[in-house]
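# Chain and residue survey
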Amino acid sequence: MYEKIGVIGAGTMGVGLSVTLLLRGYKVILIDTQDTILEKAKTEISKTMMYAPMINKKLPRKSPKEALVDLEMSLNLKALAASDFVVENITEDIDMKQSLYSQLNPILQEETIVAANTSCISITKIGSSISHPERILGIHFMNPVYLKEAAEVIRGQHTSDTTIQKASDLLKQLEIKPIVVKDFPGFVSNRISHLFMNEAAFVVQDQLAEPKDVDEIFKRCFGHKMGPLETADLIGLDTVVDSLKVLYDSFQDPKFRCCPLLQKMVDAGFLGRKSNKGFYEYKS
Ligand code: NAD
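Calculation notes
- Residues numbered from 1 in each chain as written.
- Predicted model: local features only at pLDDT ≥ 70, side-chain atom pairs only at ≥ 80, totals over all residues.
- Heavy atoms only, no water.
- Helix = DSSP H or I, 4+ residues; strand = E, 2+ residues; numbered from the N terminus.
- Buried < 20%, exposed > 50% of the residue type's maximum accessible area, 1.4 Å probe, protein only.
- Near = heavy atom within 4 Å.
- Polar contact = N/O pair within 3.5 Å; in protein donor to acceptor, adjacent residues only side chain to side chain.
- Areas by Shrake-Rupley, 256 points an atom, 1.4 Å probe, with all protein chains shown as cover.
- Nonpolar A, V, L, I, M, F, W, Y, C, P; charged D, E, K, R; others polar.
- Pairing = 2+ DSSP bridges.
- Axes fitted to C-alpha atoms, helices over the stretch in contact; angles between N-to-C directions.
- Contact = heavy atoms within 4.5 Å.
- Expected span 1.5 Å × (residues − 1).
- Parallel < 35°, antiparallel > 145°, perpendicular 65-115°, else oblique.
- Salt bridge = Lys/Arg side-chain N within 4 Å of Asp/Glu carboxyl O.
- Left-handed = near helix turned anticlockwise from the far one by under 90°.

## Some remarks on unusual backbone geometry
With omega at -5°, the peptide bond leading from N143 into P144 counts as cis. Along the chain, the position of P144 falls in the loop between strand 6 (136–140) and strand 7 (150–155). Of note in the backbone geometry, E175 takes a positive phi value of approximately 60° without being a glycine. Mapping E175 onto the fold places it in the loop between helix 6 (161–173) and strand 8 (177–182). Look at E175 and you get partly exposed, because its relative accessible area is 43%. Here the phi dihedral of Q207 falls at roughly 55°; this positive angle occurs in a residue that is not glycine. Tracing the sequence through the fold places Q207 in the loop between helix 7 (189–205) and helix 8 (211–221).

Okay, structure coming up:
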C-alpha cells in the first residue's frame, strides 16, 4: 500500500478520487492553484464522503472528521516530493499538462509512478514532458470515481510493465478493475462516447427533440443508465468541448467537430452540474 498519494487538480475528478482514496485508508495530498478552489474541494469531499458509502455499499464508512485527518492540501508542487504515486487531474489541455509535468521533474522521486487522468490526450505525448517516462501511464477514471467498478489503464509508448502492474495493483485495492488498452486519443471509451454526446447536442441544436427526450430514448430503448446529455452535464461541458477539440486535432476527422451549441453553452458559463446549469438545471 502506498504511503501518500498525490492528487493534482481539485476539480470534479480530483474530488471524486480523493473521496475514494480517503475512504480506502490512503493519505492524500491534494494540489490546486488557488486556496478558494482547495477550500471548495474540501467541503465537497466532506459532503460526498457522507453519502458515497450509502450508494456504493462496498465502500468503508468513515466520518468526514476521521477521514479528513488524512487529507493534506497545498498550492505548492514541492509538497509531492514524498509521494510514491501521483495522479494528475488538471484541465484537459495538453499545454497546461506538459507545463505541469516539466515542473514536476525536479520534484518527484525517480521511481514515483505518475498517472495522467485524461479523457482523450495521448499518454505518449504527455510522457514526452516527463523524465523517466517509463513511470508514466494513463488511468482514465470514470466519474464519479467512488461509484465506478472499472477504469481504463493506458499504456503509453514508453510505459513499462512494472508501471502497469503497480497501477493495476493500486486500482485493485480500490476495488476498481483495470482494463488495459493501448494509447490512441480518446482511448476506447471517449472515442466512442464523445460522438454520442456531440451528436445528441446537434439533435437539440436542430430542435429535433428536447434534452429529456433524447436521454429517455437512450435509457428506455437502449437500457443505458444515463443518457448522453445527462452524461455530458455530469462530466462538465467545458471538459467535453476540450476533449472533442483533442479528438478533432488528433484524428483530423470532421466526425469529431464540436457542436456549436456545446461551445455556446460553455461560453455562457453553462457547464453542467458543476455550474448548476447545462442541458438541465441542478441545485447545489
Ligand atoms: P475540472 O475543470 O473540474 O478541474 C480541473 C482542476 O485542475 C481545476 O480545479 C483547476 O484549477 C486545476 N488545475 C489546472 N491547472 C493546474 C495546475 N497547473 N496545477 C494544479 N491544479 C491545476 O476538470 P475535471 O473534470 O476534474 O477533469 C480533470 C481531468 O480528468 C481532465 O483531463 C479530464 O479530461 C479528465 N477526466 C474528466 C472526467 C469527467 O467526467 N469530468 C472523467 C475522466 C477524466
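## Here's the deal with the site of the ligand
Taken together, 24 residues form the shell around the ligand, and within it M13, D32, E92, K97 and S119 come nearest. Separating an oxygen atom of the ligand from a side-chain N or O atom of K97 is a distance of 2.9 Å. Separating a nitrogen atom of the ligand from a backbone N or O atom of I235 is a distance of 2.9 Å. Contact with the protein chains hides 87% of the accessible area of the ligand, taken as 840 Å² for the molecule alone. Within the residue set of the shell around the ligand, elements represented by two or more residues are helix 1 (12–23) and helix 4 (94–104). Taken together, the residues of the shell around the ligand break down into eight nonpolar, twelve polar and four charged.

## Brief notes about the sheet that holds strand 3 (residues 71–74)
Within a sheet, each strand pairs with its neighbour through backbone hydrogen bonds, oriented either parallel or antiparallel. Taking strand neighbours across the sheet as the criterion, the eight strands line up as 3-2-1-4-5-6-7-8 in an open arrangement whose pairing is mixed. If you trace the sheet from one side to the other, it starts and ends with strand 3 and strand 8, each paired once. The mean inter-strand angle of the sheet, taken between neighbouring strand axes irrespective of direction, is 25°. Against the sheet, helix 6 makes contact with strand 1 (4–8), strand 4 (85–88), strand 5 (113–116), strand 6, strand 7 and strand 8, and its axis sits at roughly 35° relative to strand 6, the strand it touches most.

## Quick look at helix 1
Two residues of an α-helix separated by three or four positions point the same way, owing to the 3.6 residues in each turn. In this model, helix 1 (twelve residues) spans 17 Å end to end at C-alpha, consistent with the 16 Å of a helix rising 1.5 Å per residue. Of all the twelve residues making up helix 1, eleven are buried; the element is thus mostly covered by neighbouring parts of the structure. Taken as a whole, helix 1 has its buried residues at M13, G14, V15, G16, L17, S18, V19, T20, L21, L22 and L23. If you follow the buried residues of helix 1, they end up packed against strand 1, strand 2 (27–31), helix 2 (35–55), helix 3 (64–68), strand 3 and strand 4. Directly beyond the C-terminal end of helix 1, a positive phi value near 95° is found at G25.

## Some points on the packing of helix 9 (residues 228–235) against helix 10 (residues 237–251)
With their axes 6 Å apart at the nearest point, helix 9 and helix 10 run at an angle of 100° to one another. When the axis of helix 9 is compared with that of helix 10, the two are roughly perpendicular. On the side of helix 9, the interface is formed by A232, D233 and I235, while helix 10 contributes L237, T239 and V240. Looking at the contact of helix 9 with helix 10 residue by residue, the classes come out as four nonpolar, one polar and one charged.

## Observations regarding the pattern of salt bridges
Here the structure, examined in full by the defined rule, presents twelve salt bridges. Its salt-bridge partner being D161, residue R155 comes within 2.9 Å of it at the nearest N-O pair. Residue classification places R155 among the partly exposed positions, given a relative accessible area of 32%. For E230, the salt bridge identified is with K219, shortest N-O distance 2.9 Å. Here E230 is found in helix 9, whereas its partner K219 is found in helix 8, with eleven residues between them in sequence.

## Overview of the packing of helix 7 against helix 10
The packing of two helices is summarised by the inter-axis angle and the distance between the axes. At a closest axis distance of 11 Å, the pairing of helix 7 and helix 10 adopts a crossing angle of 115°. Handedness of the crossing formed by helix 7 with helix 10: left-handed. Across the interface between the two elements, N190, R191, H194, M197 and N198 from helix 7 touch V240, S243, L244, L247 and F251 from helix 10. Across the contact of helix 7 with helix 10, the residue classes break down as five nonpolar, four polar and one charged.

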